[in-house]
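Here is how the chains run, residue by residue.
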Amino acid sequence: MTNLKCSVHSCMHHSGDMCCKPNIKVDGPRAQTANETNCVSYAPKGAQNRAACTTPNEKLEIACSAVECVYNQNSKCLATNVSINTTGDTAGCSTFTKR
Ligand code: SF4
């Protein structure tokens, strides 16, 4: 389980600078930098997108395909703390650290 901070206010799962989902998925099988990762659990807030959860989770599971990250082991994130932030037009993992 990872302590997750999220600053992506435009996401419907964002809650109290954290995420209200019990787990998230980060993508980036070819990522060499944080900007090339992508939080695929991101969903923009909108009239049709209503949050299914509201209580922020301090710890959650992260499935991750960014295999070049030092924290990635068998497609799971083993980092103690992870920050998800806006990267370009989307949300990505600022904690990504190249092996
Ligand atoms: S720290 Fe690395 S392994 Fe963990 S979610 Fe971010 S990119 Fe994936």
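See the structure printed just above.
Source: prediction; values computed, not measured.

Conventions and cut-offs
- Residues numbered from 1 in each chain as written.
- Predicted model: local features only at pLDDT ≥ 70, side-chain atom pairs only at ≥ 80, totals over all residues.
- Heavy atoms only, no water.
- Helix = DSSP H or I, 4+ residues; strand = E, 2+ residues; numbered from the N terminus.
- Polar contact = N/O pair within 3.5 Å; in protein donor to acceptor, adjacent residues only side chain to side chain.
- Contact = heavy atoms within 4.5 Å.
- Buried < 20%, exposed > 50% of the residue type's maximum accessible area, 1.4 Å probe, protein only.
- Pairing = 2+ DSSP bridges.
- Near = heavy atom within 4 Å.
- Nonpolar A, V, L, I, M, F, W, Y, C, P; charged D, E, K, R; others polar.
- Core = buried A, V, L, I, M, F, W, Y, C linked by side-chain atoms within 4.5 Å.

A.B. asks: Teacher, can you tell me more about the side chain of Asn72 here?
C.D. replies: In this structure, Asn72 sits in strand β7 (residues 72-73). Here Cys64 takes part through its backbone oxygen, which lies 3.0 Å from a polar atom of the side chain of Asn72. Those residues within four positions of Asn72 in sequence are excluded, and the remaining contacts are Cys64, Ser65, Ala66, Val67 and Arg99.

A.B. asks: Help me understand the pairing of strand β1 (residues 2-6) in this model?
C.D. replies: Moving residue by residue along a regular strand, the side chains alternate between the two faces of the sheet. Side chains Thr2, Leu4 and Cys6 project from β1 onto a buried face, and the interleaved Asn3 and Lys5 project onto a face without burial. Looking at chain direction, β1 and strand β6 (residues 59-64) are connected through two bridges and run antiparallel. Bridging across to β6, Thr2 finds its partner in Leu60. Examined bridge by bridge, β1 and strand β9 (residues 81-87) share four bridges and lie parallel to one another. Looking at β9, one finds that Leu4 is bridged to Val82.

A.B. asks: Sorry if this is basic, but what is going on with the site of the ligand here?
C.D. replies: Inspection of the region around the ligand gives Ile62, Cys64, Ala66, Cys69, Tyr71, Asn72, Cys77, Val82, Cys93, Thr95 and Phe96 as its neighbouring residues. Considering only residue class, the shell around the ligand consists of nine nonpolar, two polar and no charged.

A.B. asks: Can you walk me through the nonpolar core in this structure?
C.D. replies: Side chains of nonpolar character tend, in soluble globular proteins, to be buried together. Grouped together as the largest cluster of nonpolar side chains are 21 residues, with contacts concentrated most on Leu4, Ile24, Val26, Ile62, Val82 and Ile84. Of all the elements in the fold, those that place two or more residues in this core are β1, β4 (23-27), β6, β9 and β10 (90-93). Residue contributions to this core peak at three residues, all from β6. In contact with Val26, not counting residues within four places along its chain, are Thr37, Asn38, Cys39, Ile62, Ala63, Cys64, Ser65, Ile84 and Cys93.

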